[in-house]
Amino acid sequence: MNPAVPLVPVILCGGTGTRLWPLSRASYPKQYWALAGDGEETLLQQTQQRLEGLPGLAPPLLICNEGHRFIVAEQMRQIGVEPAGILLEPIGRNTAPAVAVAALQATAKGDDPLLLVLAADHVIRDAAAFRASVEAGRAAAEAGLLVTFGIVPTGPETGYGYIEAAEPLRSEAPVPIARFVEKPDRGTAEQFLTAGRFTWNSGMFLFRASAILAELERLAPEVVSSCRAALDQDTADLDFLRLEREAFASCPSVAIDVAVMERTGLGTVLPLEAGWSDVGSWSALWETADQDAQGNVLRGRVISEGARNCYLRSEHRLVVGLGVEDLVVVETDDAVLIAHRDRAQDVRTVVRQLEAVGAREGRAHRRIYRPWGSYDGIVEGERWQVKKIVVNPGASLSLQMHHHRAEHWVVVQGTAVVEKDGVEELVGENQSTYIPLGAKHRLSNPGKISVEMIEVQSGPYLGEDDIVRFEDRYGRTSHLPQAMSTSQ
């Protein structure tokens, strides 16, 4: 074992997590929320932080879609991590292309590091046990074997795929894989537990970049060729690497398990007991969280009186659980979920209904995140609306103008620089300014704390597509899809 071999985390940030609606939505899915533990770190941030202390740990490669790129970059900045790269998928193509792209990128300069492939939305309560498992798999991975981490089952779960080991499982080193098994029925799952050689398929892997590339070339050459073409034609966009759309779209959509792990002779499995969960539902989140004496998990502004075995979460308003049992209650700024814990998996059917009728609540929150911060629609009338705007330290909105609306800005925190028709002014707390219709303007935050501002818009048309950009440091005018590029 050579601890000097770099260990590159490959963090897959895709997925929408619809079963955790109304908190998790397509515009801001579960991996970007603080769901596990009592701290403010998101699942993505925890995925990176739990690796600290591993020998040879290198900066991570993150793979996400275009719409989430600034969220990923900001969350890494918040924890002081500068990624080796943030690769942008123009279209979802499952995990095999994501792994192929990461391996190609990691070996582009002749290096051959270990790749630790992780999902950004998993919970692992015992980080030390997880790091120990990674170390236990390092020698096999350095020797060219493909290591997958199999979760030691805690029950006859029918919602996960299983891995059967060809030999008795050992915690100190991986053993060969006999087969992968799709999600079984309960009777079969109970037999698996009795056999003792079965683990849940976690979707986490450790292997040499060259080893996984060689097996992909042998077993799924069309994946590698499409990904290589997408990388060869990529474009740098600020701190991001944008894969070429047409080449990547030609890539088959296939999981790394199906493309390689189920067919290779190099697959091995290492048992992992570290409090793992893929947080697939609110009931799963309740099970993995610390519960009070009454079996409740309480988050936010919550009062529990006589409630038992409930998950109660408030993001804004006060939530009171009075004499209720076995419920999930989740409050957000525009929706409230009340469900029996046994039905928590069915939330995705509600999301499908919302999407079918085009309801905004099905895919986006009232608060919309942008590379410079966020805005929140508070209230609106026929010819006016009020928003709360938050601008991050050092950030700036585009230089822009509007044809149909004027704006009044009132700063309630921090100090903003406001540019109007080429003239700059400082606007501090409790001060205001007016942006006439047609004025070329920009809002910037030169300070160390966030600028919070109340914006009142008035005019005959208040749609987010009433905007003309003249300058934008984030390149949104030329790259983002129209639906994502028209706001602020």
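Placed above this text is the structure.
As the structure is a prediction and not an experimental result, all values here were calculated from the model.

Undergrad: Help me out: how do you make sense of the overall build of the protein in this one?
TA: Within the protein, the secondary structure is distributed over 13 helices and 30 strands. Computed over the C-alpha atoms, the radius of gyration of the protein is 24 Å, within 12% of the 23 Å expected from 2.2 N^0.38 for a compact globule of 488 residues. Across the 488 residues of the protein, 55% fall into the buried class. Once local pairs closer than 6 in sequence are excluded, the contacts in the protein between residues at least 24 apart make up 69%. Surface accessibility of the protein: about 20900 Å² in total, with carbon and sulfur atoms responsible for 49%.

Undergrad: I keep staring at helix α4 (residues 127-142) and nothing clicks. Help me out?
TA: Structural remark: α-helix, 3.6 residues per turn; residues separated by three or four positions point the same way. Here α4 contains 16 residues, and its C-alpha end-to-end distance of 22 Å stays within 8% of the 22 Å for a straight helix at 1.5 Å per residue. The principal kink in α4, of about 30°, is found at Ala 136. Among all positions of α4, only Ala 129, Phe 130, Ser 133, Val 134, Ala 136, Gly 137, Arg 138, Ala 140, Ala 141 and Glu 142 are buried. Lining the buried residues of α4 we find β1 (7-12), β4 (114-119), β5 (123-124), β6 (146-151), β9 (198-208) and β12 (267-272). Capping of α4 at its N-terminal end is provided by Asp 126; its side-chain oxygen lies 3.3 Å from the backbone amide nitrogen of Ala 128. Gly 144, located one to two residues past α4, shows a positive phi value of around 105°.

Undergrad: Help me out: how do you make sense of the sheet that holds strand β18 (residues 327-331) in this one?
TA: Consider a sheet: its strands pair through backbone hydrogen bonds, and that pairing is either parallel or antiparallel. The strand order across the open sheet formed by 4 strands is β14-β16-β18-β19, and the pairing between neighbours is mixed. Only two strands of the sheet have a single neighbouring strand rather than two, namely β14 (297-299) and β19 (336-340). Shown here is a sheet whose adjacent strand axes are inclined to one another by a mean of 5°, direction ignored. Bridging between β14 and strand β16 (residues 311-314) involves 3 bridges; their strand directions are parallel. Among the inter-strand pairings, Arg 299 is bridged to a residue of β16, identified as Arg 313.

Undergrad: Explanation requested: a nonpolar patch on the surface in the structure shown.
TA: A contiguous nonpolar patch, built from Ile 303, Leu 318, Val 320 and Leu 322 and spanning about 380 Å² of accessible area, is present on the exposed surface. Of note, Leu 318 is situated in the loop between β16 and β17 (319-322).

Undergrad: When you look at the sheet that holds strand β22 (residues 384-391) in this model, what are you seeing that I'm missing?
TA: Pairing is antiparallel across the open sheet formed by 6 strands, whose spatial order is β20-β21-β22-β29-β24-β27. Of all the strands in the sheet, the pair left with one neighbour each is β20 (367-370) and β27 (432-435). Across the sheet, the axes of successive neighbouring strands diverge by a mean angle of 20°, strand direction being ignored. Of the strand pairs in this sheet, strand β24 (residues 406-413) and β27 are connected by 4 bridges, and their pairing is antiparallel. For His 408, the partnering residue across the bridge sits in β27 and is Tyr 434.

Undergrad: Where do I start with the side chain of Arg 242 in this structure?
TA: Within the secondary structure layout, Arg 242 lies in strand β11 (residues 240-242). Polar side-chain contacts of Arg 242 include one of 2.9 Å to the side chain of Glu 66.

Undergrad: Explain the nonpolar core to me, please; I cannot follow it from the model alone.
TA: As a rule of thumb, nonpolar side chains are buried together in soluble globular proteins. Among the nonpolar cores identified, the biggest contains 60 residues, and Cys 13, Leu 44 and Trp 282 are the most heavily contacted of them. In terms of residue count, helix α2 (residues 69-78) provides more of this core than any other element does, 4 residues in total. Those residues in contact with Leu 44, other than ones at most four positions away along the chain, are Ile 11, Cys 13, Gln 31, Tyr 32, Leu 62, Val 72, Gln 75, Met 76 and Ala 120. Ranked by size, the runner-up nonpolar core spans 49 residues in total, among them Ile 63, Val 101, Leu 104 and Leu 216.

Undergrad: What exactly am I supposed to notice about the packing of helix α3 (residues 95-106) against helix α7 (residues 221-232) here?
TA: The description of two helices packed together rests on the angle between their axes and the distance between the axes. Where α3 meets α7, the closest approach of the two axes is 9 Å, and the angle between their N-to-C directions is 55°. Compared by their axis directions, α3 and α7 come out oblique. Pair α3 / α7 crosses with right-handed handedness. Residues Ala 96, Pro 97, Ala 100, Val 101, Leu 104 and Gln 105 of α3 form the contact with α7, whose participating residues are Val 223, Val 224, Cys 227, Arg 228 and Leu 231. A per-class count over the contact of α3 with α7 returns 9 nonpolar, 1 polar and 1 charged.

Undergrad: Would you explain the environment of Thr 264 in this entry?
TA: Mapped onto the elements, Thr 264 comes out in the loop between α9 (256-261) and β12. On the accessibility criterion, Thr 264 (13% relative accessible area) is buried. If near-sequence neighbours (up to four positions away) are discounted, Thr 264 is found in contact with Leu 146, Glu 215, Arg 218 and Leu 219. At 2.6 Å, the side chain of Thr 264 and the side chain of Glu 215 are in polar contact. At 3.0 Å, the side chain of Thr 264 forms a polar contact with the backbone nitrogen of Leu 266.

Parameters and conventions
- Residues numbered from 1 in each chain as written.
- Predicted model: local features only at pLDDT ≥ 70, side-chain atom pairs only at ≥ 80, totals over all residues.
- Heavy atoms only, no water.
- Helix = DSSP H or I, 4+ residues; strand = E, 2+ residues; numbered from the N terminus.
- Rg over C-alpha atoms; globule rule 2.2 N^0.38 Å.
- Buried < 20%, exposed > 50% of the residue type's maximum accessible area, 1.4 Å probe, protein only.
- Contact = heavy atoms within 4.5 Å.
- Areas by Shrake-Rupley, 256 points an atom, 1.4 Å probe, with all protein chains shown as cover.
- Expected span 1.5 Å × (residues − 1).
- Bend = angle between axes of the 7 residues up to and from the residue.
- Polar contact = N/O pair within 3.5 Å; in protein donor to acceptor, adjacent residues only side chain to side chain.
- Pairing = 2+ DSSP bridges.
- Axes fitted to C-alpha atoms, helices over the stretch in contact; angles between N-to-C directions.
- Patch = residues over 30% accessible without salt bridge, like charges linked within 9 Å, V, L, I, M, F, W, Y side chains within 5 Å.
- Salt bridge = Lys/Arg side-chain N within 4 Å of Asp/Glu carboxyl O.
- Core = buried A, V, L, I, M, F, W, Y, C linked by side-chain atoms within 4.5 Å.
- Parallel < 35°, antiparallel > 145°, perpendicular 65-115°, else oblique.
- Left-handed = near helix turned anticlockwise from the far one by under 90°.
- Nonpolar A, V, L, I, M, F, W, Y, C, P; charged D, E, K, R; others polar.

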